[in-house]
Amino acid sequence: MSSQIAILIAVLLFPGGLFALALGLGLKGADRRIAARLQGRVGPPLVQPFLDLVKLAFKRTMVPTTAHDLVFLGAPLIGVVSMLVAAALVPISGVYSPAPALGNLLVLIYLLLVPAVVLMLAGSSSSSPYGAIGFSREMALMMAYEAPLVLIVAAVAVRTGMAQGHWVTFSLTEIVEYQRTHGLFLLDPVMWPAVAAFGFFYPANLGIVPFDIPEAETEVLEGPLLEYSGPALGLFKIMSALKAVVVIGLDIALFMPLPLDGVPAFLGWVVEMVVLMVAGVTVLRISMGRMRIDQAFVFFLRWPLLLAAASLAVVVV
Amino acid sequence: MSVIERLKTMATKSPWIYRINAGSCNGCDVEMATCALIPRYDVERLGCQYCGSPRHADIVLISGPLTRRVLDATLRVFDEIPDPKVTVAVGVCPISGGIFRESYAVLAPIDQYFPVDVNVPGCPPRPQAIIEGIAQAVQIWRERL
Ligand code: SF4
């Protein structure tokens with residue numbers, strides 16, 4: 001019974017739920033503000049994403065007459081719930097490790113797929129031609145970035161597993177523990193290609209320029225989100241804020257968990273998070289234009305896939 | 001102040017803007033884009049954001065004299081914007097037809113068709129004037145929430 005309550009707290013309060021939401025909105029706010037500063041503007045206040053959510057709560061949700069109501073309104077809910085669970089699956093080195101009953105790395109990989117699938121559902125159920133274009137682009141992009149992700153995760157899992165005498169381990173807790181005692185994978189030359197590949201993966205997963213092709217505002221008018229308004233759109237914003245925490249948290253857990261304990265470990269984790277967000281998202285976002293979908297597809301199946309495969313090959317051999 | 005009132009005040013700090021071009025000569029549109037896109041008149045610090053979809057919008061900026069051709073399309077797009085919304089007419093064209101006023105093809109003034117809340121005159125208006133129009137629109141929006 002008490003373990004169930006612990007899981008509930010992990011999903012709803014810390015490190016998932018409210019905490020992850022606050023952190024995710026903070027990261028988005030920092031992203032917008034720093035982007036503005038780099039462009040020589042003042043920029044919105046840090047709490048802007050939160051204000052946007054409050055605003056959306058006061059608006060009316062409109063459902064297009066040709067849309068499928070149940071799928072149209074259910075899609076964002078599924079997305080938010082999947083990300084809540086995923087956020088509870090990401091360990092924070094020295095502070096939190098997920099209960100084995102909740103799941104392991106494989107579950108997390110599947111949950112990371114859900115937002116993309118939800119966006120596809122949203123796009124296709126809205127019966128808008130722009131949504132349909134967004135749907136097909138989302139699908140192509142997902143197939144492109146999912147392949148490197150699997151290889152990156154395999155490289156880390158095999159590396160940790162072999163060092164412990166069996167083949168692979170998919171427990172994030174064990175991966176973090178191993179790095180705490182044997183040194184970070186970030187400092188291990190064998191893993192550098194995988195680290196770089198993850199650096200390409202997470203901007204794509206978070207859907208920012210140059211990989212925001214499915215939601216490109218200037219060409220397909222936010223694609224799958226085009227028909228959403230009010231609270232339903234707010235749920236998508238919540239989903240993407242949580243996703244930022246999950247994906248960057250996964251990056252930290254896989255490659256750079258700090259060997260600290262207690263409060264310093266927690267603060268270090270937050271700092272790592274902000275640094276990765278600013279370096280990998282903000283700077284990239286404002287310094288590049290958008291790729292075409294075919295360019296992005298070829299790009300992912302060439303460089304990140306090759307890098308991740310290189311790491312995996314060296315680890316296995 | 002009750003919690004709801006407080007939340008409403010917070011909500012007005014995030015006005016999302018949508019532009020409708022109702023046959024404008026593009027002069028006004030350039031000025032509107034200028035407002036948000038160049039550092040000098042950064043309106044993102046007020047929480048403003050241009051959005052591509054009418055469904056995300058709170059404040060509508062309409063420019064142009066409303067040509068007969070775009071009337072239906074414009075009305076349809078306008079209906080897609082969820083309530084509560086505020087309408088700002090930018091330029092002298094929506095008020096009187098401006099330099100196009102004697103044409104058989106324009107339907108200005110546009111307040112025959114749209115509930116215009118704020119007029120920003122000028123041909124084209126200065127960015128500062130447009131920002132002031134947006135600020136007034138935010139106040140009207142606060143009352144409608
Ligand atoms: S007001 Fe002037 S600048 Fe604006 S659309 Fe009319 S003619 Fe063009």
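Everything quoted here is computed from the prediction, not taken from an experiment.

Draft legend 1. Layout of the overall build of chain B. Check the secondary structure of chain B and you find five helices and five strands. The secondary structure elements of chain B, listed N-terminal to C-terminal, are α-β-α-β-β-α-β-α-β-α. The C-alpha extent of chain B, read off along each of the three principal axes, is 50 × 30 × 25 Å. When the 145 residues of chain B are sorted by exposure, 51% land in the buried category. Sequence separation of 24 or more characterises 82% of the internal contacts of chain B that already satisfy a separation of 6 or more. Approximately 6900 Å² of chain B is accessible, and the part contributed by carbon and sulfur atoms is 54%. Positive and negative charge centroids in chain B, built from 15 and 15 side chains respectively, lie 2 Å apart.

Draft legend 2. Representation of the site of the ligand. In the neighbourhood of the ligand, the contacting residues comprise Ser24(B), Cys25(B), Gly27(B), Cys28(B), Gly91(B), Val92(B), Cys93(B), Ile99(B), Phe100(B), Gly122(B), Cys123(B) and Pro124(B). Partitioning the shell around the ligand into residue classes produces eight nonpolar, four polar and no charged.

Draft legend 3. Up close: the packing of helix H4 (residues 69-89) of chain A against helix H5 (residues 105-125) of chain A. All names here are of chain A. At a closest axis distance of 9 Å, the pairing of H4 and H5 adopts a crossing angle of 165 degrees. Judged by the angle between their axes, H4 and H5 are roughly antiparallel. Between H4 and H5 the crossing geometry is left-handed. For the pair H4 and H5, contact is made by Val 71, Phe 72, Ala 75, Pro 76, Ile 78, Gly 79, Ser 82, Met 83, Val 85, Ala 86 and Leu 89 and by Val 107, Leu 108, Leu 111, Leu 112, Val 114, Pro 115, Val 118, Leu 121, Ala 122 and Ser 125, respectively. Tallied by class, residues from the contact of H4 with H5 come to 18 nonpolar, three polar and no charged.

Draft legend 4. Inspection of the packing of helix H10 (residues 230-255) of chain A against helix H11 (residues 262-287) of chain A at higher detail. Residues and elements named next belong to chain A. Relative orientation of the contacting elements H10 and H11 amounts to 110 degrees, with a least axis distance of 10 Å. Accordingly, the angle class assigned to the pair H10 and H11 is roughly perpendicular. Contacts between H10 and H11 involve Ala 244, Val 245, Ile 248, Gly 249, Asp 251 and Ile 252 on the former and, on the latter, Trp 269, Glu 272, Met 273, Leu 276 and Met 277. Looking at side-chain class alone, the contact of H10 with H11 contains eight nonpolar, one polar and two charged residues.

Draft legend 5. Summary view of the interface of chain A and chain B. Opposite the 30 residues of chain A that make contact, chain B presents 29 residues. Inspection of the region where chain A meets chain B yields one salt bridge. Where chain A meets chain B, there are five residue pairs in polar contact (both at pLDDT 80 or more). With eight residues, helix H3 (residues 48-58) of chain A is the largest single contributor of residues to the side of chain A that touches chain B. Split by residue class, the side of chain A that touches chain B holds 16 nonpolar, five polar and nine charged.

Draft legend 6. Examining the environment of Leu27(A) more closely. All names here are of chain A. Relative to the helices and strands, Leu 27 resides in helix H2 (residues 17-38). Accessibility expressed as a relative area gives 3% for Leu 27, which makes it buried. Along the chain, Leu 27 and Val 275 lie 248 residues apart, while their C-alpha atoms are 9.9 Å from each other. The residues contacting Leu 27, other than those within four sequence positions of it, are Val 245, Met 273, Val 274 and Met 277.

Thresholds, definitions, all that
- Residues numbered from 1 in each chain as written.
- Chains lettered and ligands numbered in written order.
- Predicted model: local features only at pLDDT ≥ 70, side-chain atom pairs only at ≥ 80, totals over all residues.
- Heavy atoms only, no water.
- Helix = DSSP H or I, 4+ residues; strand = E, 2+ residues; numbered from the N terminus.
- Buried < 20%, exposed > 50% of the residue type's maximum accessible area, 1.4 Å probe, protein only.
- Contact = heavy atoms within 4.5 Å.
- Areas by Shrake-Rupley, 256 points an atom, 1.4 Å probe, with all protein chains shown as cover.
- Lys, Arg positive; Asp, Glu negative; His and termini not counted.
- Charge placed at Lys NZ, Arg CZ, Asp CG, Glu CD.
- Near = heavy atom within 4 Å.
- Nonpolar A, V, L, I, M, F, W, Y, C, P; charged D, E, K, R; others polar.
- Axes fitted to C-alpha atoms, helices over the stretch in contact; angles between N-to-C directions.
- Parallel < 35°, antiparallel > 145°, perpendicular 65-115°, else oblique.
- Left-handed = near helix turned anticlockwise from the far one by under 90°.
- Salt bridge = Lys/Arg side-chain N within 4 Å of Asp/Glu carboxyl O.
- Polar contact = N/O pair within 3.5 Å; in protein donor to acceptor, adjacent residues only side chain to side chain.

Function-wise, these values are silent; they only describe arrangement.
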